[in-house]
Protein chains: 4
Amino acid sequence: MTLDLDHTSLRQGERIQPMRDVKFSAILGNFGTCSDRFVNKGYSEQKSLDELFRLAGDTPSLKGVELVGTQHIREDNIKEVKENFEKYNLQLASIIPDHFSKAEWGKGSFSSKNSKIRRRAIDVTKTMMDIAAELGCNKVSLWLGQDGFDYSFQGDYIEEREWITEGIRDCAKYRSDIKVCIEYKIKEPRTHSYINTVGTTLLIVNEIGLENVGVTLDVGHALNCYENVADSVAILKIYGDKLFHLHLNDNYRLWDDDMIVGSVHTIEYLELLFWLDKINYRGWYSMDLYPYREIGAKAVVESIKWIEKFFEVIDKIGRENIAAIIKSGDATRTSAMLRRGLIG
Amino acid sequence: MTLDLDHTSLRQGERIQPMRDVKFSAILGNFGTCSDRFVNKGYSEQKSLDELFRLAGDTPSLKGVELVGTQHIREDNIKEVKENFEKYNLQLASIIPDHFSKAEWGKGSFSSKNSKIRRRAIDVTKTMMDIAAELGCNKVSLWLGQDGFDYSFQGDYIEEREWITEGIRDCAKYRSDIKVCIEYKIKEPRTHSYINTVGTTLLIVNEIGLENVGVTLDVGHALNCYENVADSVAILKIYGDKLFHLHLNDNYRLWDDDMIVGSVHTIEYLELLFWLDKINYRGWYSMDLYPYREIGAKAVVESIKWIEKFFEVIDKIGRENIAAIIKSGDATRTSAMLRRGLIG
Amino acid sequence: MTLDLDHTSLRQGERIQPMRDVKFSAILGNFGTCSDRFVNKGYSEQKSLDELFRLAGDTPSLKGVELVGTQHIREDNIKEVKENFEKYNLQLASIIPDHFSKAEWGKGSFSSKNSKIRRRAIDVTKTMMDIAAELGCNKVSLWLGQDGFDYSFQGDYIEEREWITEGIRDCAKYRSDIKVCIEYKIKEPRTHSYINTVGTTLLIVNEIGLENVGVTLDVGHALNCYENVADSVAILKIYGDKLFHLHLNDNYRLWDDDMIVGSVHTIEYLELLFWLDKINYRGWYSMDLYPYREIGAKAVVESIKWIEKFFEVIDKIGRENIAAIIKSGDATRTSAMLRRGLIG
Amino acid sequence: MTLDLDHTSLRQGERIQPMRDVKFSAILGNFGTCSDRFVNKGYSEQKSLDELFRLAGDTPSLKGVELVGTQHIREDNIKEVKENFEKYNLQLASIIPDHFSKAEWGKGSFSSKNSKIRRRAIDVTKTMMDIAAELGCNKVSLWLGQDGFDYSFQGDYIEEREWITEGIRDCAKYRSDIKVCIEYKIKEPRTHSYINTVGTTLLIVNEIGLENVGVTLDVGHALNCYENVADSVAILKIYGDKLFHLHLNDNYRLWDDDMIVGSVHTIEYLELLFWLDKINYRGWYSMDLYPYREIGAKAVVESIKWIEKFFEVIDKIGRENIAAIIKSGDATRTSAMLRRGLIG
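A. Highlighting the interface of chain C and chain A. Between chain C and chain A, the contact holds 54 residues from the first and 56 residues from the second. Between chain C and chain A, roughly 4,700 Å² of surface is buried when both sides are summed, and carbon and sulfur atoms account for 65% of that area. Looking at the side of chain C facing chain A, the largest losses of area belong to Phe153, Leu203 and Tyr226 of chain C, adding up to 19% of the total buried there. A salt bridge links Arg161 of chain C to Asp231 of chain A; its shortest N-O distance comes to 2.7 Å. There are 22 residue pairs in polar contact (both at pLDDT 80 or more) connecting chain C and chain A. Of all the elements, helix 5 (residues 198-208) of chain C adds the most residues to the side of chain C that touches chain A, at eight residues. Of the residues belonging to the side of chain C that touches chain A, the class tally is 28 nonpolar, 14 polar and twelve charged.

B. Quick look at helix 2 (residues 78-87) of chain C. Residue and element names in this part refer to chain C. Those residues of helix 2 lying buried are Ile78, Val81, Asn84 and Phe85. The buried residues of helix 2 occupy an angular sector of 125 degrees when the element is viewed end-on, so they sit on one face. For helix 2, exposure combined with an orientation more than 90 degrees from the buried face picks out Lys79, Glu86 and Lys87. Buried-residue contacts for helix 2 involve helix 1 (49-57), strand 2 (62-68), strand 3 (91-96) and helix 3 (115-134). Taken from the residues just after helix 2, Asn89 is the one with a positive phi, measuring 55 degrees.

C. Molecular detail of the pattern of salt bridges. Within the structure shown, the criterion is met by 112 salt bridges over all chains. Ionic pairing is found between Asp256 of chain D and Arg37 of chain A, a salt bridge with its closest N-O pair at 2.9 Å. Taken as a pair, Asp256 of chain D in the loop between strand 9 (243-248) and helix 8 (267-278) and Arg37 of chain A in the loop between strand 1 (23-27) and helix 1 (49-57) lie in two separate chains rather than in one. Just as Asp256 of chain D is buried, Arg37 of chain A falls in that class too. Ionic pairing is found between Lys126 of chain B and Asp170 of chain B, a salt bridge with its closest N-O pair at 2.8 Å. Of this pair, Lys126 of chain B sits in helix 3 (residues 115-134) while Asp170 of chain B sits in helix 4 (residues 157-174), and the two are 44 residues apart along the sequence. According to the relative accessible area criterion, Lys126 of chain B is buried, its value standing at 15%. Among the residues examined, Asp170 of chain B registers a relative accessible area of 27% and is labelled partly exposed.

Cut-offs applied
Within every chain, residues take consecutive numbers counted from 1 along the sequence as written. Chain letters start at A and ligand numbers start at 1, both assigned in the order the entries are written. pLDDT decides what is reported in this predicted model: residues at 70 or higher carry local features, side-chain atom pairs at 80 or more are listed and counted, and totals for whole chains, interfaces and linings draw on all residues regardless. To obtain the side-chain values, all non-hydrogen atoms of the structure were used and water was disregarded. In what follows, residue pairs with any heavy atoms lying within 4.5 Å of each other are defined as contacts. In short, buried area is how much 1.4 Å probe accessible area vanishes from two parts on joining, totalled over both. For salt bridges, the criterion is a side-chain nitrogen of Lys or Arg within 4 Å of an Asp or Glu carboxyl oxygen. Whenever two N or O atoms come within 3.5 Å, that pair is a polar contact, provided that in protein one can donate a hydrogen and the other can accept it, and provided that, for residues adjacent in sequence, both atoms are side-chain atoms. The helix and strand labels rest on DSSP assignments: H or I over at least four residues marks a helix, E over at least two residues marks a strand, and numbering proceeds from the N terminus. The nonpolar class holds Ala, Val, Leu, Ile, Met, Phe, Trp, Tyr, Cys and Pro. Asp, Glu, Lys and Arg form the charged class, and all remaining residues, Gly among them, are polar. Partly exposed describes any residue whose relative accessible area lies between the buried limit of under 20% and the exposed limit of over 50%, with all areas from a 1.4 Å probe on protein chains only and scaled to the type maximum. The arc in question is formed by the directions pointing from the helix axis toward the C-beta atoms.

Read these as layout, nothing more, since geometry by itself doesn't imply function.
If you want it as structure tokens, here you go:
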């Protein structure tokens, strides 16, 4: 029993849908300290890997974590990591190989003008794919943050884009049991990234043409390039059903502020969740925050709670009602629906 | 009885504050057709002045309207306008003199390089001040949309800013019983406006130094220059208690989309309303929409309803609780408070 | 010794480099008046079609014009238009069918929820393709400015994107001798367009999969979505060699200001022209300006002169030198090169 | 005949215009390594203070350096710093007290909710004022990067703004022989800064009302809040002649990229320099770069050379000609003037 949209009032006896089984995860670093270019040493104390895992393990609703190469997972600490996963009954959601945190990647990884660095970018990826498999996970998420350019006349856009495509294809062919998820972001740390929007990312994915290559959608990154994130989800559906992984956070649109989910965008998050269901997304809902001045664990908890509540709002309004409103295209009916669904 | 913030759960038996007496108004044109640079003739049929008034009169909760010079109010139709106000029991919230809709203002009004046009800008303002008084209203709201520049090396920033200050002072001195409210906007129709942000507007207001000169805050305009609009309200309080008038609408931050209130910004609107109360704003809450593809009257109704509901959320959480959370500066507590206040 | 500023004509004795054969054109409306949402009737007097053609004909270096449906070219004035082309020895660069200037398109053309309007959008396009052929031109440029959405929960992103793809495919199949060029723009007049970035446009183009379907790149539109426009040119080369047509103008990045070429972006324009040569672009260099407060013909002349001068700078530096600097990726060498090439 | 690109040094025989006596300086850190939130340890090796000074001393045209508290200047290294100034014949342009690089400032300095931290912010400032005096310099430049807020409902905008005003007033009164220059920036590291635009900064400066309190204008920061930087210079002139200090760099408008001067904005820089002369600015032209992936010293050299060349262009056109064009307000004449002045 859902909203009566002809009168847009809530009907008596309204039934709330039971929450579906959403798989929440978080990048492990969300529980630790954050640096920026001014405070290099971090806004709080460094935490050990075990401590980070303990905090993740204590987080209600959290079923998985993502690990970042170099920082959390290396060839030399696999056993330690494995034990932590077991101890806290957590799953590995994905590994994010490190192509961005060392000075050697400063002028690019897969698209570096230096062929040795390009080679290393591929090798690092394959190593992380192997480790992922060993840890019972079928995903790596590539964020090529250093691949791009800062100044005009600095990048050879054709050659360097081709290197990226070839390099990722090489990795994806290495083992088809691991999904390679490409995460786009329009800028930072470079002033311009090569893998920048949903469109150019899909062009690369489709040129590679392998089943195990898809996209990691980071909600904040989509907002940064003025994408309507629900539309980005739809686009990923249309052109190959390529939404493989999802990073969640919030921001003020102009920069990747990596804030608590729901702290800025209410309506867009409601629409996003509706569309994730509509395209039948069944992957992780993974938090990717930079809680510089907050207690990271609390920021993760808050983010998850907002998502749970947003799903309740969607359930309360009813998906058929939403679908009917979309068909009408009438913004004033949408407005009424959202207001009542949200506030009452 | 309000939120228990130590546990951030809603207490049983929660009391909802009765709505305060908010004075809603709307610019009369909100009920009519809208043009843009591609559809010059408007997205819907033109409506007569009487029809616009009838629609305003039929709008629940609406107590006032704002009139735009040339379009709605001229020396030749004062009587007709007066009759409409009486017929529909509406008040005049303010007059917005026309300094922007005719080609003659194209290169500026108060700051035109042509002294005759500057003179005319002043005369038009004084005329509208007289008419406002005659119609029982004590406000004109000046939006100098054409005063600015498009290209580098086009404006004499010092001289032209001085002309604006002198011109507005001249008007304000003309009759101290009418408040002259200056509305800022960072751009459009010029690529750069002179009266662009809350700060530069207050500099002008304070340089003029007259009690009847203050500011019209347009929420969308504040968003467009990356102001946090609640902060803009606070700034207007600090530097002379100069928030005289308020225009409400919503947008995607990068352009003055003039959308239905609440359609994009939920959290910011909640914060804005809290701060409006905190500084004891008692003026109009006036809708300034461009419902290009919507039925204007419905867009106004929706906007008012969102505001009423946002006030309910504020009441539900409780102002003391909000104040306490602000004192803590803890974003995760804020997050919990908003989520519970908003969704439950 | 300073510049003679009283005459905007070239000084006597000034040496002009032998230009490569760049084909300059302009949208005919550039020579006329411009409206915006505040000045609906235009910032200057309306001009007749014949007058617009005369002004275009008088413009040095201009070889072609683009016509906009409804405004400049209709089934009822083909003969008149043809005579003007002959009289002024101009070529038709492209026709831009009208999918945006009438209220009927307000909620979309190819993606309208109304099947009759979708049908009409296709019919209008085919008619314009026929007229283009009759006028000796092999291009139409589709700008679906009304196809998109303003509010969340308003668009059915999957179905409506499919309608666009199908509709354009239908048109392109209608006659393979006419190139269908799709022009992207991230927003305006809708807050969000479906055909928004170089990436999503290429996804559509490649899904249609016909040789005569490609892209119109508007420099200002690329700037609006934080594309590096030279990179956009490269992307269009990589994914199918799909740069079919080019619109030139300038802006302050955040809005489609449609200013004189070179009035804001110097370095980006140099890089763009370098890359247009590099990918061997041989199409039109077509001005798409909105000279609201300028004499349109002068704005076009200025734009063309900037492009000619920018090419001189490229020539002076030397393409091999530029290529070598790009290979180095050294921003300080780039800086020195540009400074010397530009200023000396 | 093309440019010799192998040497970024000036070609033999190249004529340099007699430059007016521009005083160039740079923040000392420009010669060192840069970190960001991903590469915490820096994109290159750390350099010692002596090495940084040596690089500054070797930079042609550089007459001064700015020092950042904690990083370059502390109570315990004054002697070492003094020796370096003497050894390299450099002047201290200003000290930037550290209110931003330590975790303790993370939630604000002058506006911290913690009164002890507010006290410390004032003390640190006074100490740096004393050291500046001791080193023969009459300026400190305050950048309160951590003073602001990230989330809605986090800041008490009235109280915290008052604390800033009181704190800076306290410092300025401490010794009137030292100028206190307030640098604004709209965001970063906080999502919203209190001292954000030229307007709000002047409101604070004027409320403090002391002769030795003024503004540091950072060109990049002005671009970030869509100010036309030449206009910002004019505004600083109008409201108290408060342009005390100047930071130079470049960016893509949406973020503080801190790039080489002239690498993005050509026209705006020309206009800026014209207006700096016009208001008779005689202070430092100080570079504030983050050359993450460049050799810092080269980035500084390039920046200075661009400024020198931009002044040559201004000289070539002639200030009277520019003034006349501004009076005309004719964008097409401006365009012609700039093109000829710049390219020929």
